[in-house]
Amino acid sequence: MADAIPAAANLFVETAEGPRLLGSRCATCQAPYFPRSAACHNPDCDHSDTQPAHFGPRGTLWSVTVQSYPPPPPVVASDPYRPYAVGLVDLEADGIRVIGRLLVEDPDTVTPGGPVELVLAPLGQDAEGREVVSWQFKPC
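Conventions adopted
- Residues numbered from 1 in each chain as written.
- Predicted model: local features only at pLDDT ≥ 70, side-chain atom pairs only at ≥ 80, totals over all residues.
- Heavy atoms only, no water.
- Helix = DSSP H or I, 4+ residues; strand = E, 2+ residues; numbered from the N terminus.
- Rg over C-alpha atoms; globule rule 2.2 N^0.38 Å.
- Phe/Tyr/Trp six-rings, centres within 6.5 Å; stacked < 30°, edge-to-face > 60°.
- Lys NZ or Arg CZ within 6 Å of the ring centre and 35° of its normal.
- Core = buried A, V, L, I, M, F, W, Y, C linked by side-chain atoms within 4.5 Å.
- Buried < 20%, exposed > 50% of the residue type's maximum accessible area, 1.4 Å probe, protein only.
- Contact = heavy atoms within 4.5 Å.
- Salt bridge = Lys/Arg side-chain N within 4 Å of Asp/Glu carboxyl O.

### Details of the overall build of the protein chain
When its secondary structure is counted, the protein chain shows zero helices and 10 strands. Reading the protein chain from its N terminus to its C terminus gives the helix and strand order β-β-β-β-β-β-β-β-β-β. A compact globule built from 140 residues should have a C-alpha radius of gyration of about 14 Å, and the protein chain, at 16 Å, falls within 12% of that. Projected onto its principal axes, the C-alpha coordinates of the protein chain cover approximately 50 × 35 × 30 Å.

Structure representation (structure tokens):
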């Protein structure tokens, strides 16, 4: 993915251990946030002190839906458009749930409850022909 560009800045990173989502966690109450938050939003937290955090790579698919129509720009969609699955993933070890595209051939075959792993994968190409990459979840 040498000529690839991220779909959005500062949301994910490739580490030596694999891809991770870039978020934050309050050092006081341990509340996790994705994307990063400059302040803790926990009403029971007396001292907001958010620190950078990495989330992932494994979780459980909590819920799933199929994106049957092309989303509007700036979302990059394949041409011709192919419906895809979107899931709510419980990253148990991190204490957070995140939404992401699911990397599957047939979006109608995905069922909740199974394990998934965070991957970086192409979404399509931008107007200049560059491959646009984002986080996705792959069943494992």
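On we go from here.
### Observations regarding the packing of aromatic side chains
For any pair of aromatic rings, geometry is given as the distance between the ring centres together with the angle between the planes. The full count for this structure, using the stated rule, is three aromatic pairs. Judged by centre distance (5.3 Å) and plane angle (90 degrees), the rings of Phe34 and Trp135 are edge-to-face. In this pair, Phe34 is assigned in the loop between strand E4 (32–33) and strand E5 (50–55) and Trp135 in strand E10 (residues 131–139), connecting sequence segments 101 residues apart. Members of the aromatic cluster, connected to one another through ring pairs, are Phe12, Phe34 and Trp135. Cation over ring: Arg97 sits above Trp62, and NZ or CZ is 3.5 Å from the ring centre. Lying over the aromatic face of Tyr84, Arg101 brings its terminal NZ or CZ to 3.5 Å of the ring centre.

### Description of the nonpolar core
Grouped together as the largest cluster of nonpolar side chains are 20 residues, with contacts concentrated most on Leu21, Phe34, Phe55, Leu91, Val98, Trp135 and Phe137. Every element with two or more residues in this core is listed here: E5, strand E7 (84–91), strand E8 (96–102), strand E9 (115–125) and E10. Those residues in contact with Val98, other than ones at most four positions away along the chain, are Leu21, Phe34, Gly87, Leu88, Val89, Leu91 and Phe137. Counting residues in each nonpolar core, the second largest holds five residues, with Cys26, Ala31, Tyr33 and Cys45 among its members.

### A word on the environment of Arg97
With respect to the helices and strands, the residue Arg97 is situated in strand E8. Distance from Arg97 to Glu131, taken between C-alpha atoms, is 27 Å for residues 34 residues apart in sequence. What Arg97 contacts, discounting residues up to four positions off in sequence, is Trp62, Leu88, Val89 and Asp90.

### Things to note about the pattern of salt bridges
Here the structure, examined in full by the defined rule, presents four salt bridges. Where Arg58 meets Glu117, a salt bridge forms, and the shortest distance between an N and an O atom there is 3.5 Å. In this pair, Arg58 is assigned in strand E6 (residues 58–67) and Glu117 in strand E9, connecting sequence segments 59 residues apart. With a relative accessible area of 53%, Arg58 lands in the exposed category. Given a relative accessible area of 27%, Glu117 falls into the partly exposed group. Salt-bridge contacts for Glu128 lead to Arg130; the nearest nitrogen and oxygen are separated by 3.6 Å. Linked by salt bridges that have partners in common, Asp126, Glu128 and Arg130 make up one network.

### Section: the environment of Glu17
With respect to the secondary-structure elements, Glu17 resides in the loop between strand E2 (12–15) and strand E3 (18–26). By relative accessible area, Glu17 is classed as exposed at 60%. Considered as a pair, Glu17 and Pro57 are 40 residues apart in the sequence and their alpha carbons are 8.9 Å apart.

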